[in-house]
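Residue-level structural notes
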Amino acid sequence: MKSSSNSHFILLTLFLLILTGATAIPDNGKSSALWPLPLNYTFGNNTVEITSPCDLSLVIGEPTSFDDVLYEIFDFYKSKMFAAYNCSKDRTPPPPQDMITGRNYLMAFINTKDSYFPDENIDESYRLKANGQQTTIFAETYSGFVYALETFSQLLVFEDAGAGKPPRCLMPGVYLNILDRPYFRWRGLMLDTARHYYPKTAIYRLLDGLMYAKMNVFHWHISDKDSFPLQLETIPSLSKHGAFSPEQIYTLADVEDIVLYAAKRGIRVIPEIDSPSHTLSWSYTPEFSDMVTCKDGDGVLDPSHPLAQKVLRGIYLDIQRYFPDRYIHLGLDEIPELCWENDKIKALKKEKNIDNLFDWYQNLLRDLTPTKKRINWYTPGDMFKYRDDDILQYWGTSLDLTQFLANFKKNKVILSPSDVIYLDCGAGSYYGFNSWCGDLSTWRHIYETNWTTLVGQEALDRVLGVEAALWSELSNEDTLDGKIWPRLLALAEKLWNPEPKEKMARRMQAAVNRIRERGINSLPMLSGLCERNIESCVDI
């Protein structure tokens, strides 16, 4: 990490009381609650106490364009870290500049950084040091600051101080030094909001969980055959007729709120409107009823329809205005060739001298998204001729991944092997039959998948990262947390640190307990007995 005055950094300083001979720290202290495990760390043998947690305040040494965001995320973490203290929700004012020493405070300096929004090239590294008198965090960007704040929160241990008294807030392992950064730059989750609608509060809770796990991409699969819940300014009829109800629509204001909420947690939002297949919901609008073929299945957009290109232009005009990230997901998934064999489509091919309609359609979407980096689902055996700049998201099995990578040596890829990280598998189908993708993938199966070995050294530089997926045929707001957690925690560590140096079971159980305390209704990782005797049940 650069240390010159031109680097972007954050410096936070925390006044602490050092304790000697403290006995309340559990013997699994220090790194036992860290998740994901940092890449490099050393711990000492002292313990420090935060004497007045509610008085902890943030001082920004140099003004930034997002001071309010720094205060906001600091206050958010403070409310989670110190929930037992019933602190006032009012922001603790920083001390006067001439009284900074000897106070409970965090000091932040951010140089030459004018935006907190994460992007594809964001430097997420950070350094955290504690020497008994102060704790200091250095981070290149806002995202690194958020991850460092999460790590700091995981270092705290709360000791019972007796009846009627708030717990003591302790930090073991001082003097400590943590140097950390993620291995994969794309650490994502896809959520399907078309098969079931998720209110904004549920998406917020999901984004909080992604931040706690240091995941950085929310891939939003917005529409599908079942519903079109996104309100568009250019074509409002799509959601008017395509949503499940007027109350189950994401308005422009909702989208803006979600994108901002995510950015404040170091998370990018990648939108997807899948087409030409999975578009049955488009036909629920009366004027578009004959614009979709194969209505007995997922529905496939008929590009020969006189309104088809107008609708596509409107959709992508709004999507690009709503979502600022440079990446966009075009879908292009599971297109039955027979659905494009009617007389009108044949006439379109003849009129425009189209040899391969799949390529023609893909080029149409490219023309509608000229400034974006475009992601496609890769369906084995599909009819597309991919360009080198197409990003392919692989959802085949892990067994076929090597062949896929060998076939597309010039493309960047995102990995979502369905037998490992499709979180809906094992729950059944639309109609009560077995899942097409087999059994449920357990947290242990996910954790024991070695992504660097699976990919191989030769292809690693082409892998942007890994993304779990939750398709929502049989998932809704009530089941969301349990479908995702704790399994996504298992994935999160292996994407951040593929070769952790310490056993994982006790640390992961601590992470499960922590996100539960923060309001996420994770399923158990182990039985109640094993939670109390972890090593006797899980020796990894």
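Details of the structure are given in the entry above.
In every chain, residue numbers begin from 1 and rise along the written sequence. For this predicted model, a pLDDT threshold of at least 70 governs which residues receive local features, and a threshold of 80 or more governs which side-chain atom pairs are given and counted, while totals over whole chains, interfaces and linings are taken from all residues. As a rule here, side-chain values cover all heavy atoms of the structure and leave hydrogens and water aside.

Focus: the layout of surface pockets
We place a 1 Å grid over just the protein atoms. Points where a 1.4 Å probe fits but has no way out form a cavity, open points with protein on both sides within 12 Å along at least 5 of 7 lines form a pocket, and any residue with an atom within 4 Å of a point lines it. Grid points are joined across faces, edges and corners, and a volume is the space filled by probe spheres set on the points. By volume, the second largest pocket amounts to about 430 Å³. Every residue lining the second largest pocket is counted, 21 residues in all, and those nearest its centre are Arg 195, Asp 424, Trp 436, Trp 471 and Glu 473. Residue composition of the lining of the second largest pocket, by class: seven nonpolar, six polar and eight charged. Amino acid classes used here: Ala, Val, Leu, Ile, Met, Phe, Trp, Tyr, Cys and Pro are nonpolar; Asp, Glu, Lys and Arg are charged; the rest, including Gly, are polar.

A closer look at the environment of Arg 462
Segments assigned H or I by DSSP are reported as helices when at least four residues long, segments assigned E as strands when at least two residues long, and all are numbered from the N terminus. Looking at the secondary structure, you find Arg 462 in the loop between α12 (451-455) and β21 (463-470). Exposure classes here rest on a 1.4 Å probe applied to the protein chains alone. A residue is buried below 20% of its type maximum, exposed above 50%, and partly exposed in between. By relative accessible area, Arg 462 is classed as buried at 12%. Remark: the alpha-carbon pair of Arg 462 and Leu 405, spanning 57 residues in sequence, is separated by 9.0 Å. Contacts were defined at the residue level, with two residues in contact if any of their heavy atoms lie within 4.5 Å. Filtering out sequence-adjacent residues up to four positions away, Arg 462 remains in contact with Leu 405, Phe 408, Lys 409, Lys 410, Asn 411, Lys 412 and Val 413.

Things to note about a nonpolar patch on the surface
Together, Tyr 430, Tyr 431 and Phe 433 line one region of the surface with nonpolar side chains, adding up to about 400 Å² of accessible area. Within the secondary structure, Phe 433 is located in the loop between α10 (418-421) and α11 (443-447). Note that patches include only residues with greater than 30% relative accessible area and no salt bridge, and the join distances are 9 Å for like charges and 5 Å for nonpolar side chains (Val, Leu, Ile, Met, Phe, Trp, Tyr). Exposure was quantified through the Shrake-Rupley algorithm and a 1.4 Å probe, taking into account, for residues, occlusion by the shown protein chains and nothing else. Only one rule defines a salt bridge in this text: a Lys or Arg side-chain nitrogen within 4 Å of an Asp or Glu carboxyl oxygen.

Quick look at the packing of aromatic side chains
Given two aromatic rings, their pairing is described by the distance between the two centres and the angle made by the two planes. Aromatic pairs are defined between Phe, Tyr and Trp rings, using the six-membered ring for Trp, whenever the two ring centres lie within 6.5 Å; interplanar angles under 30 degrees are classed as stacked, those over 60 as edge-to-face, and all others as tilted. All told, the structure shown has 35 aromatic pairs when counted by the stated rule. A centroid spacing of 6.2 Å and a plane angle of 55° characterise the contact between Tyr 85 and Phe 158, whose relative ring orientation is tilted. With Tyr 85 in the loop between α1 (67-81) and β6 (105-108) and Phe 158 in strand β9 (residues 157-159), this pair connects stretches of sequence that are 73 residues apart. Judged by its relative accessible area of 14%, Tyr 85 falls in the buried class. We classify Phe 158 as partly exposed; its relative accessible area is 37%. Three or more aromatic residues joined by ring pairs form one cluster here, namely Trp 340, Phe 358, Tyr 361, Tyr 378, Phe 384, Tyr 386, Tyr 394, Phe 404 and Phe 408. It is Lys 501 that lies over the ring of Tyr 41; its NZ or CZ is 4.8 Å from the centre. In this analysis the charged atom, NZ for Lys or CZ for Arg, is taken to sit over a ring once it is within 6 Å of the ring centre and within 35 degrees of the ring normal.

Fair warning: the whole summary comes from geometry, so function is off the table for now.
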